[in-house]
Amino acid sequence: MKTRYCLLAGVLMLGLATTAMATGTIGLFFDTEGTTAQLVGEPGMVYDGYVLINNSDLLIGGAAFKMESEGGFMIVSETWADGLVFGTLLTGAEIGLYTPIAQFGDDPQSICHIQVFSPTMIVNSHQTIVADPDYATPMLANSSAILFPADGLTSSITLRPTPEIGLFWDAEGTETVSTQNGGFTEIHNAWIMVRNAEMMVGGAAFKLNLDPRVMILNATPAAGLIFGNPAAGVEMGLYSYLPVFGTDPGLLYTLQLSTLNYLMVNAELEIVNHPDYDAPKVADNNAVQWTADGLTSYLTIPVETEQMSWGQVKSLY
């Protein structure tokens, strides 16, 4: 009787220990540290993804799971850890490792490396680790082939062109380099535009760094709620969305500039981040912010024209 009691007590203790174990996770990440579950890139490039196991506290001997995908891209390569694999990531796969992988604490281990590619734009395609068709949940096995349920995680893939914000010397948004006459009477027209966005643009945040020999005479924004100004940093919420698709740019500001009587070669006018942001930003019609590339434009003034006083310049307006 005493022997049976000790055996029962041992079984109960094993059950309690199993219940107290952390539930491992399986998820697709875009870094080996398991910190980036959202891929944001551009079409036409190949990106690496890693199916990582974490928080299992196991000497992992195998796994069984499937990746449920909203699609829009191709998996151009799928490389599993060294072991016997049945199936694929998208149909459901079981793997028995030849050599167990130690995964303890918050130190994720990769069990599958994939490369993804799309020639076209994808927005927020979700990838979720779910159960292999032969199991009720994603599963992990330890080195003794004991199975443990795991939690499947969700990640996302967005591949879209990076918007550009630039100062242009033409209303079509194509010219970033210009040579013009100088002098007090010369006014240089310029346009700050968004291009390459492939979205309905609802706002932007940026700053215009000017060569000190260039000054803004007048800055007229697109209709909207405007905080700040281009030279100090401006945030714009547009009243009407701008369709920026293909080669069509979207106008944010119309500028009139003066270079007084300075001469210059390739003076820089650069779009940079607003002081409250880490990069120039463009918002879509759902108020989702996207990082943009700020362009640098150049102005050359080789010849000055008639000299005038600043009072005479002001009298023109």
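Residues numbered from 1 in each chain as written. Predicted model: local features only at pLDDT ≥ 70, side-chain atom pairs only at ≥ 80, totals over all residues. Heavy atoms only, no water.

A. A look at the overall build of the chain. Check the secondary structure of the chain and you find two helices and 26 strands. Within the chain, the proportion of its 317 residues that are buried is 43%. Looking at the chain as shown, the accessible area adds up to about 15800 Å², and 55% of this sits on carbon and sulfur atoms. (Helix = DSSP H or I, 4+ residues; strand = E, 2+ residues; numbered from the N terminus. Buried < 20%, exposed > 50% of the residue type's maximum accessible area, 1.4 Å probe, protein only. Areas by Shrake-Rupley, 256 points an atom, 1.4 Å probe, with all protein chains shown as cover.)

B. Structural detail: the environment of leucine 159. Of note, leucine 159 is situated in strand E13 (residues 154-159). Among the residues examined, leucine 159 registers a relative accessible area of 0% and is labelled buried. Considering only alpha carbons, one finds leucine 159 and valine 123, 36 residues apart in sequence, at a separation of 6.3 Å. Aside from chain neighbours lying at most four places away, what touches leucine 159 is Leu39, Gly41, Glu42, Pro43, Tyr47, Ser118, Thr120, Met121 and Ile122. (Contact = heavy atoms within 4.5 Å.)

C. The packing of aromatic side chains, seen in detail. Across all of its chains, the model carries one aromatic pair by this definition. Taking the centre distance of 5.7 Å and the plane angle of 40 degrees together, the rings of phenylalanine 65 and tryptophan 80 count as tilted. In this pair, phenylalanine 65 sits in strand E4 (residues 58-69) while tryptophan 80 sits in strand E5 (residues 74-80), placing the two residues 15 residues apart along the sequence. Classification of tryptophan 80 as buried rests on a relative accessible area of 16%. (Phe/Tyr/Trp six-rings, centres within 6.5 Å; stacked < 30°, edge-to-face > 60°.)

D. Spotlight on the pairing of strand E2 (residues 38-41). A one-sided burial pattern is seen for E2, the buried positions being Leu39 and Gly41 and the unburied ones Gln38 and Val40. Judged from the four bridges that link them, E2 and E13 form a sheet pairing that is parallel. In the sheet register, leucine 39 faces E13, and the bridge partner there is isoleucine 157. (Pairing = 2+ DSSP bridges.)

E. Geometry of the side chain of threonine 162. Structurally, the position occupied by threonine 162 is in the loop between E13 and strand E14 (164-168). With relative accessibility at 18%, the residue threonine 162 sits in the buried group. At a separation of 2.5 Å, a polar atom in the side chain of threonine 162 contacts the side chain of glutamate 42. Contacts of threonine 162, omitting those with residues within four sequence positions, involve Glu42, Asn196, Thr291, Ala292 and Asp293. (Polar contact = N/O pair within 3.5 Å; in protein donor to acceptor, adjacent residues only side chain to side chain.)

F. Structural detail: the side chain of threonine 158. Mapping threonine 158 onto the fold places it in strand E13. Judged by its relative accessible area of 6%, threonine 158 is buried. Ignoring anything within four residues of it in the chain, the contact list for threonine 158 reads Leu39, Val40, Gly41, Ile122, Val123, Asn124 and Trp290.

G. Region of interest: the sheet that holds strand E16 (residues 188-195). Here five strands make up an open sheet; going across it, the order is E18-E21-E16-E14-E25 and the pairing mixed. Each having just a single partner strand, strand E18 (215-221) and strand E25 (293-294) make up the two edges of the open sheet.

H. Spatial organisation of the pattern of salt bridges. In total, this model carries three salt bridges according to the counting rule given. A salt bridge links glutamate 164 to arginine 195, with the nearest nitrogen and oxygen atoms 2.8 Å apart. Taken as a pair, glutamate 164 in strand E14 and arginine 195 in strand E16 lie far apart in primary sequence, 31 residues in all. Judged by its relative accessible area of 19%, glutamate 164 is buried. Residue arginine 195 is classed as partly exposed on the basis of its relative accessible area, which comes to 23%. Here arginine 213 and aspartate 211 are joined by a salt bridge, their closest N and O atoms 2.9 Å apart. For aspartate 211, a relative accessible area of 13% translates into the label buried. (Salt bridge = Lys/Arg side-chain N within 4 Å of Asp/Glu carboxyl O.)

I. Looking closely at the nonpolar core. In this structure, Ile165, Ile192, Val201, Phe206 and Leu252 are the most contacted members of the largest nonpolar core, which totals 32 residues. Of all the secondary structure elements, the ones that give two or more residues to this core are E14, E16, strand E17 (199-210), strand E20 (233-244), strand E21 (250-258), strand E22 (264-272) and strand E26 (296-301). Within the second largest apolar cluster, 31 residues are counted, among which are Met67, Ala81, Cys112 and Ile114. (Core = buried A, V, L, I, M, F, W, Y, C linked by side-chain atoms within 4.5 Å.)

J. Focus on unusual backbone geometry. Positive phi, normally seen in glycine, also occurs at aspartate 57, with a value near 55 degrees. With respect to the helices and strands, aspartate 57 occurs in the loop between strand E3 (46-54) and E4. Within the chain, glutamate 198 stands out as a residue other than glycine whose phi angle is a positive 55 degrees. Looking at where glutamate 198 falls in the secondary structure, it is placed in the loop between E16 and E17. Looking at glutamate 198, the relative accessible area reads 24%, which means it is partly exposed.

K. Structural detail: the confidence of the model for the chain. Of the residues in the chain, 89% have a pLDDT of 70 or more, and the chain-wide mean is 90. Of the regions scoring below 50 in pLDDT, residues 1-20 engages in zero contacts with residues more than four places distant in sequence or in other chains. (pLDDT = per-residue confidence, 0-100.)

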